[in-house]
Amino acid sequence: MSTTDIRGHRLVTSLLGLSVLVLAGCGQDGGSAEALPPSASGSVALSPSHGGLTGGNLVLADTGEDTDGPITARFGETEVECPFDERSARHACTAPARGTPGTVEVSFAAGGNDVGEKTAYTYTTQGTQDIPVLTVDTETVRRNAEEIRADFPQDVQLGAVLKNGEPVDVFGKVIEDAADVDYLFVPKLDDAIALREAGVEARIAVLYAAQVEDIPLLVHYDVEVPAIDPAWVDAAEQVLATTGGTLKVHLWVDTGMGREGVVPEEALPLARAVEDASHLELVGIATHFSTITAEDAEAIERNDTANTTVAQKNRFDGAVAAIRDAGLGQDALIHAGASDVLDNGIEALYYDLLRVGGMFFSSSPPESSVYSWTTELSQVKTLPEGWCIDYGCTDPTTSPKKVGLIHHIPSRENELDYTVGGKQVPVLLDHGTVVTLDLSGVPDAAAGDEVVIDFSAEAFHLLDATAPLPVTTTGG
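Conventions adopted
Residues numbered from 1 in each chain as written. Predicted model: local features only at pLDDT ≥ 70, side-chain atom pairs only at ≥ 80, totals over all residues. Heavy atoms only, no water. Helix = DSSP H or I, 4+ residues; strand = E, 2+ residues; numbered from the N terminus. Areas by Shrake-Rupley, 256 points an atom, 1.4 Å probe, with all protein chains shown as cover. Pairing = 2+ DSSP bridges. Axes fitted to C-alpha atoms, helices over the stretch in contact; angles between N-to-C directions. Contact = heavy atoms within 4.5 Å. Buried < 20%, exposed > 50% of the residue type's maximum accessible area, 1.4 Å probe, protein only. Core = buried A, V, L, I, M, F, W, Y, C linked by side-chain atoms within 4.5 Å. Disulfide = S-S within 2.5 Å. Polar contact = N/O pair within 3.5 Å; in protein donor to acceptor, adjacent residues only side chain to side chain. Salt bridge = Lys/Arg side-chain N within 4 Å of Asp/Glu carboxyl O.

**Student:** I'd like a rundown of the overall build of the protein, residues and numbers included.
**Tutor:** If you tally the helices and strands in the protein, you get nine helices and 29 strands. Looking at the protein as shown, the accessible area adds up to about 21,000 Å², and 47% of this sits on carbon and sulfur atoms.

What follows is the structure, given as structure tokens:
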């Protein structure tokens, strides 16, 4: 489902919990992501034309010239030597590493003279490189962040939630710069480290349980974590007694989500355990609401305990009161609301901080799109009447049908729309590694034609952070 935010833009909320610096002034080398050709120009061709940030992969270059001696390729600002490969009749280059995703210019020279024409190579997050590359327009993310900050309630801290996968460091830096966020919340320590190493200065908190053995890293990078139970607190204190330093923790209360946190009755004993630990500091008390609706504000006003949100709020408020009545957590931030709370304007749930995620990635294709995802038709054919589609042959063709095949589209829960020749086309079969599209409405479609992939207008626009997507970026 989709909702509309307080400015009338389409709001998307996280389905699954996706970190360019390739922005003006943010890249780590001189290669620009702007105004570069998406593929080889003239007779120059690279195979493959994209790869992961760590580099090291073989790139075969066809310069279009009769040169069988070694040449030099410049990927952005980095030069590599490319010997001639007899087997492929191409020059074999090893892609250099790059710090951030984006597209760089590639040029070639031999004996000090230019060879062939300039082309482009796209760096992506690692992903699985046979999956179509997805491009994130960080300028749209930046605009969303600026609009959120402009309309954000006063006296409430802004926490940005980054649960939609790569590149978390890029997203974090863009959002911090545009919205001056107070906090960044991420699902795992690796994300937090990526943010710190990208230069993010805001407070960072991991949303889910942290391993005790990671505590020295948490302290080093100044990352906050949940205190999950007294046993974890005891183990953490033992580690901190040897390393020194203070670890900031948030006490999560499970008020009816069945996810992170202790049940309300266990909140006070856990707060006492944190208080008794010399090297832990309680900086937050939090929960997460499971069923936010537009009617919740009125239900809260009349204390309608049959309303799920009211029941959760009462449990949470009771747990917070018990902790503070015991003289604990007096300065701890209270936070519970997410994007849906802000979108519906439920002020009673704002507390000290709002955790906003999906609103940073709201998108209204094609005018304003965060994600650009394309591939091409690998095969086009016409199936005869009565031809089986998919296992079981439950829906055979009733007449000859033109179809097109695309490959390596990762499985996901949210629906995708496919557009060929400017027309949205139905999916006949989706096996992930092979997707068959109905091209009946695109009679001129041919193999090699571009296929634009987008999230369904009725679906969430956040990516599955577990999918091995190769992601690159563009934007200013």
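Once the structure has been displayed, the description carries forward.
**Student:** Residue-level account of the sheet that holds strand β28 (residues 450-455), with values.
**Tutor:** Here we have six strands laid out as an open sheet, ordered β25-β24-β28-β21-β12-β29, and mixed in their pairing. Of all strands in the sheet, those bounded by a partner on one side alone are β25 (423-425) and β29 (471-474). The average angle at which neighbouring strand axes cross in this sheet is 35 degrees, direction not considered. As paired elements, strand β24 (residues 416-420) and β25 share three bridges and run antiparallel to each other. Bridged to Tyr 418 within β25 is Val 425. Packing against the sheet, helix α1 (residues 138-151) makes contact with β12 (134-137) and β29, and its axis sits at approximately 35 degrees to β12.

**Student:** Could you give an account of the environment of Gly 127, with specific residues and numbers?
**Tutor:** Mapped onto the elements, Gly 127 comes out in the loop between β11 (113-124) and β12. Taking relative accessible area as the criterion, Gly 127 reaches 37% and is therefore assigned partly exposed. Setting aside chain neighbours within four positions, we find Gly 127 in contact with Pro 468, Leu 469 and Pro 470.

**Student:** Give a detailed account of the nonpolar core, specifying residues and quantitative values.
**Tutor:** Across soluble globular proteins, nonpolar side chains have a tendency to be buried as a group. Ranked by size, the top nonpolar core spans 98 residues in total, and within it Phe 360, Tyr 418 and Leu 437 carry the most contacts. Among the elements that take part in this core, helix α2 (residues 168-179) stands out by supplying seven residues, more than any other. When residues no more than four places from it in sequence are discounted, the contact partners of Tyr 418 are Ile 406, Ile 409, Lys 423, Gln 424, Val 425, Val 427, Val 435, Leu 437, Val 451, Val 452 and Ile 453. Formed by 17 residues, the second largest nonpolar core is a distinct cluster that contains Leu 53, Ala 61, Ile 71 and Tyr 121.

**Student:** Describe the pairing of β28, listing the residues and the values that go with them.
**Tutor:** Pairing between strand β21 (residues 371-376) and β28: four bridges, direction antiparallel. Counterpart to Thr 374 in the pairing with β28 is Val 452. As judged from the five bridges shared by β24 and β28, these two strands associate in the antiparallel manner. Across the sheet, residue Leu 416 finds its bridge partner in β28, namely Phe 455.

**Student:** Give me the state of the cysteines: which residues, what numbers.
**Tutor:** Applying the stated criterion across every chain yields a total of two disulfides. Note that Cys 82 is cross-linked by a disulfide to Cys 93, the S-S spacing being 2.2 Å. Its S-S torsion of approximately 115 degrees makes the covalent link between Cys 82 and Cys 93 right-handed. With Cys 82 in strand β7 (residues 78-82) and Cys 93 in strand β9 (residues 90-94), this residue pair connects regions lying 11 residues apart in the sequence.

**Student:** Which residues make up the environment of Tyr 208, and what are the values?
**Tutor:** By the secondary structure assignment, Tyr 208 is in the loop between β15 (203-206) and α4 (215-220). Sequence separation between Tyr 208 and Arg 259 is 51 residues; the distance between their C-alpha atoms is 9.5 Å. Those residues in contact with Tyr 208 that sit more than four places away from it in its chain are Lys 163, Pro 187, Pro 226, Arg 259 and Glu 260. Engagement of the side chain of Tyr 208 in a polar contact is seen with the side chain of Lys 163, the distance being 3.2 Å.

**Student:** Go over the pattern of salt bridges, please, and point to the residues and values.
**Tutor:** Working definition: two side chains of opposite charge can pair if their charged atoms are close together. Going through the model one piece at a time under the given rule, you end up with 14 salt bridges. Note that Arg 90 and Asp 62 form a salt bridge whose closest N and O atoms lie 3.9 Å from each other. Of this pair, Arg 90 sits in strand β9 while Asp 62 sits in strand β5 (residues 58-62), and the two are 28 residues apart along the sequence. Of the residues examined, Asp 62 reaches a relative accessible area of 25% and is grouped as partly exposed. Ionic pairing is found between Asp 438 and Lys 401, a salt bridge with its closest N-O pair at 3.3 Å. Note that Asp 438 is positioned in strand β27 (residues 434-438) and Lys 401 in strand β23 (residues 401-407), a separation of 37 residues in sequence.

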